Amino acid sequence: QVQLVESGGGLVQAGGSLRLSCAASGRTYGMGWFRQAPGKEREFVAFISWSVGSTSYADSVKGRFTISRDNAKNTVYLQMSSLKPEDTAVYYCAAARVTSHVQAAAMYDYWGQGTQVTVSS
């Protein structure tokens with residue numbers, strides 16, 4: 001099984017930056033970040049493939065968030081800049097052995113515990 005451990009969440013003012021980390025216990029084929037606010041469905045944020053490093057972003061974060069990886073450390077990062085109050089949510093990393101529609105939560109096999117990101121006005 002793949003174990004995912006997230007860190008880096010916290011409280012930040014609008015316009016600020018945070019970097020989230022997700023350490024995986026083993027190799028996976030792809031890693032994604034999702035977020036969920038209270039009363040809302042879990043939504044896709046970003047994806048990166050494990051082998052070639054191709055990326056995909058939600059329109060709401062495009063140009064502000066950057067997903068990256070360190071294969072030697074089995075760690076995926078989400079660099080978040082120009083944060084807005086609407087970015088406030090619990091952020092989850094997820095691992096997929098086989099991916100096709102990367103925006104769909106059902107495609108992922110393993111999930112981290114989540115880390116809270118709060119952006120104040």
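Scroll up a little and you will see the structure.
Predicted model only: the values in this text are computed from it and were never measured.

Asks: Got a sec to walk through the sheet that holds strand 8 (residues 75–80)? Specific residues and values, please.
Replies: Across the sheet, four strands lie side by side as 1-3-8-7; this open sheet has antiparallel pairing. A strand with exactly one partner marks an edge of an open sheet, and here the two such strands are strand 1 (4–7) and strand 7 (65–70). Ignoring which end each strand starts from, the neighbouring axes of this sheet average 15° apart. Strand direction decides the pairing type here: strand 1 and strand 3 (residues 18–24), joined by four bridges, are antiparallel. Within the sheet, the bridge partner assigned to Leu-4 lies in strand 3 and is Ala-24.

Asks: Requested: an account of unusual backbone geometry, with residues and values cited.
Replies: With phi around 50°, Asn-74 is a residue other than glycine that occupies positive phi space. Exposure remark for Asn-74: the relative accessible area of 17% places this residue in the buried category. Phi at Ser-82 is positive, roughly 50°, even though this residue is not glycine. By relative accessible area, which is 43% here, Ser-82 ends up partly exposed.

Conventions we followed
- Residues numbered from 1 in each chain as written.
- Predicted model: local features only at pLDDT ≥ 70, side-chain atom pairs only at ≥ 80, totals over all residues.
- Heavy atoms only, no water.
- Pairing = 2+ DSSP bridges.
- Helix = DSSP H or I, 4+ residues; strand = E, 2+ residues; numbered from the N terminus.
- Axes fitted to C-alpha atoms, helices over the stretch in contact; angles between N-to-C directions.
- Buried < 20%, exposed > 50% of the residue type's maximum accessible area, 1.4 Å probe, protein only.

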